[in-house]
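# Overview (structure and organization)
Here's the letter readout for the chains.
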Amino acid sequence: MSAIKTSPSSRFFTFGLVSAWYSSNIGVLLLNKYLLSNYGFKYPIFLTMCHMSSCALLSYIAIAWMKMVPLQAIRSRVQFVKISALSLIFCASVVSGNISLRYLPVSFNQAIGATTPFFTAVFAYLLTLKREAWLTYITLIPVVTGVVIASGGEPSFNLFGFIMCIGATAARALKTVVQGMLLSSEGEKLNSMNLLLYMAPIAVVLLLPATMYMEENVVGLTIALARQDFGIVWLLLFNSSLAYFVNLTNFLVTKHTSALTLQVLGNAKGAVAVVVSILIFRNPVSVTGMAGYTLTVIGVILYGEVKKRSAK
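What you see is a predicted model, and the numbers here were worked out from it, not measured in a lab. (Residues numbered from 1 in each chain as written. Predicted model: local features only at pLDDT ≥ 70, side-chain atom pairs only at ≥ 80, totals over all residues. Heavy atoms only, no water.)

What follows is about the overall build of the protein chain. Looking only at helices and strands, the protein chain features 12 helices and 0 strands. Traced from its N-terminal end to its C-terminal end, the protein chain shows the element sequence α-α-α-α-α-α-α-α-α-α-α-α. Its C-alpha atoms give the protein chain principal-axis dimensions of about 65 × 50 × 45 Å. Within the protein chain, buried positions represent 47% of all 312 residues. Surface accessibility of the protein chain: about 16200 Å² in total, with carbon and sulfur atoms responsible for 70%. (Helix = DSSP H or I, 4+ residues; strand = E, 2+ residues; numbered from the N terminus. Buried < 20%, exposed > 50% of the residue type's maximum accessible area, 1.4 Å probe, protein only. Areas by Shrake-Rupley, 256 points an atom, 1.4 Å probe, with all protein chains shown as cover.)

Summed over all chains, the structure comprises 4 salt bridges. With a closest N to O distance of 3.8 Å, K130 and E132 form a salt bridge. Among the salt bridges present, the one from K307 reaches E132, with a minimum N-O distance of 3.0 Å. Taken as a pair, K307 in helix α12 (residues 287-311) and E132 in the loop between α5 (116-128) and α6 (134-152) lie far apart in primary sequence, 175 residues in all. Overlapping salt bridges bring together K130, E132 and K307 as one network. (Salt bridge = Lys/Arg side-chain N within 4 Å of Asp/Glu carboxyl O.)

What follows is about the nonpolar core. I83, M193, L195, L207 and Y244 are the most contacted members of the largest nonpolar core, which totals 58 residues. At the level of elements, α1 (8-39), α2 (44-65), α3 (77-103), α7 (159-182), α8 (192-214), α9 (218-228), α10 (231-256) and α11 (259-281) are the ones that each hand at least two residues to this core. Ignoring anything within four residues of it in the chain, the contact list for I83 reads I74, L190, L195, Y198, M199 and I202. In terms of nonpolar packing, the next biggest core, distinct from the first, is built from 12 residues, F108, A150, C165 and Y293 among them. (Core = buried A, V, L, I, M, F, W, Y, C linked by side-chain atoms within 4.5 Å. Contact = heavy atoms within 4.5 Å.)

A few words now on the state of the cysteines. Covalent bonding between the sulfur atoms of two cysteines is what defines a disulfide. Under the criterion given, the structure shown has 0 disulfides. The thiol of C165 is not disulfide-bonded; the next cysteine sulfur, from C91, is found 18 Å away. (Disulfide = S-S within 2.5 Å.)

A contiguous nonpolar patch, built from V122, Y125, L126, L127, L129, Y137 and M181 and spanning about 630 Å² of accessible area, is present on the exposed surface. Considering every element that reaches the nonpolar patch, the biggest residue donor is α5, with 4 residues. Tracing the chain through its elements places M181 in helix α7. Look at M181 and you get partly exposed, because its relative accessible area is 37%. (Patch = residues over 30% accessible without salt bridge, like charges linked within 9 Å, V, L, I, M, F, W, Y side chains within 5 Å.)

Attention now moves to the confidence of the model for the protein chain. The pLDDT averaged across the protein chain works out to 91; a share of 96% of its residues lies at or above 70. Per-element confidence in the protein chain ranges from a low mean pLDDT of 83 for α11 to a high of 97 for α2. (pLDDT = per-residue confidence, 0-100.)

This next bit is on unusual backbone geometry. In terms of backbone geometry, most residues other than glycine have negative phi values and most peptide bonds are trans. Unusually for a residue other than glycine, L129 sits at a positive phi of about 60 degrees. One non-glycine residue, N217, lies in the positive phi region at around 60 degrees. With respect to the secondary-structure elements, N217 resides in the loop between α8 and α9. Classification of N217 as exposed rests on a relative accessible area of 52%.

Another point: α5. The end-to-end C-alpha separation of α5 is 17 Å, in line with the 18 Å expected for 13 residues at 1.5 Å each. All buried positions along α5 are accounted for by T116, P117, F119, T120, A121, F123 and A124. Buried positions along α5 lie against α4 (106-113), α6, α7 and α12. (Expected span 1.5 Å × (residues − 1).)

On to the environment of V28, then. Checked against the element boundaries, V28 lands in helix α1. Taking relative accessible area as the criterion, V28 reaches 11% and is therefore assigned buried. As a C-alpha pair, V28 and A243 span 215 residues in sequence and 6.2 Å in three-dimensional space. With near-sequence residues (within four places) excluded, V28 lies in contact with H51, N239, L242, A243 and V246.

What follows is the structure in structure tokens.
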């Protein structure tokens, strides 16, 4: 029996999707770093609120007008409360991640972010008492060890930035576990596009008072900044649009590729982001730091392989 061949147009479409996914992910990360650290726009909560506002508006356009996916309605008040809880965790993750970029280089930020599987395994056990195979836990040893080594060898190490980045990574893992717990029944399951449609406006409502309290007069300061350099407006608009396209392209790549392909691409994406950020920002890196990051990535790849085999 002959193997099924994919058409050149199909391969080209998939390549285009993956390229868009990589570009939007790495682009928003580098732009966040540029705005918050290099440009001097020191308002990470307001920046996150801009992202969420863009996600809310563009999600509505994509689903309600363009019909990219069917609209899934919220069926009950309980489901709404669950989505609100997820949105709160989501906010904590994104805000903490953006704050960390003010203090840490992208390369070190990505090294810490690669430890997500460790936190996912910890929260899965603490909240659901789900135990993994012993081999799965062994693969997490190089994941954590790599970050410890990278931290010791990081020339630009900042404790507050490190804590914020760990918090962002832990919150991202917590959201994954909680999402599996709260929206597990068939009637409550939402695809990622619809979940973002409901989470983003809730996130804006949550972030607005935090922005007003913690980043006082940020709107007035941003307007004053725009009068001096209107480029900041285009940067914020482009950055906020990219934040939505990260979610859109992630959904489309998940839909059009296999789980294995997504896993491999995801592991490679972090490495590409590290290389690109070092080339652009010229932040100092040490052999120890890169060795630690490499060890973490190897651990993540092994973790994925073990999880895949245990699922069979």
